[in-house]
Amino acid sequence: MLFVQQSAGRILRAIFEICLKRGWLIPIRAAVDLCIMVDKQLWASNTPLRQFRGVPADVIRKAEGKQFPWYRYFDLASRLHCFSKYDTYIPIGPLKLGELIGIQNAGKLVHRLVHNFPKLAIQAQAQVQPITCSLLRIDLTITPDF
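Residues numbered from 1 in each chain as written. Predicted model: local features only at pLDDT ≥ 70, side-chain atom pairs only at ≥ 80, totals over all residues. Heavy atoms only, no water.

(A) Highlighting the side chain of His111. Structurally, the position occupied by His111 is in helix α6 (residues 107-116). Its relative accessible area of 16% is what places His111 among the buried residues. Once residues within four sequence positions are removed from consideration, His111 is found in contact with Ala77, Gly93, Pro94 and Leu97. (Helix = DSSP H or I, 4+ residues; strand = E, 2+ residues; numbered from the N terminus. Buried < 20%, exposed > 50% of the residue type's maximum accessible area, 1.4 Å probe, protein only. Contact = heavy atoms within 4.5 Å.)

(B) Here's a closer look at the pattern of salt bridges. For the structure on display, the rule yields four salt bridges. Arg13 is the salt-bridge partner of Asp39, the closest N and O atoms lying 3.6 Å from each other. Of this pair, Asp39 sits in helix α2 (residues 25-40) while Arg13 sits in helix α1 (residues 2-22); the two residues are 26 residues apart in sequence, bridging distant segments of the chain. We note a salt bridge from Asp139 to Arg137, for which the minimum N-O separation is 3.8 Å. (Salt bridge = Lys/Arg side-chain N within 4 Å of Asp/Glu carboxyl O.)

So, in structure tokens, the structure goes:
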């Protein structure tokens, strides 16, 4: 099985190189995505919740069945609701995540795991420097946001 995995990675990288030399943009993106999936053994249809131990199988199955983009989990997990009478904020993220998955009791677990997952905050300032007519140098500052 290891031979098949290594060969698949090499074949996909070769396809990527061929597409790159011919200038085919859409197949390049598909080849890069497939290379990453084979190397990391995490398919695009799988949820990143699989990386955590102790997550029930039905939660993972329902999360993958929803086909909900992972970056949207962060939006739902950080939502607050204000009660104007008491001026207090109550997190509604666990409730919404439980509704999304279809298991209300798993909302708190998914909310906690989403907050444990690292996010990248890319600063909007970038320095772009042309090196040749087809090559750019881009300097970005990337900071993790937990």
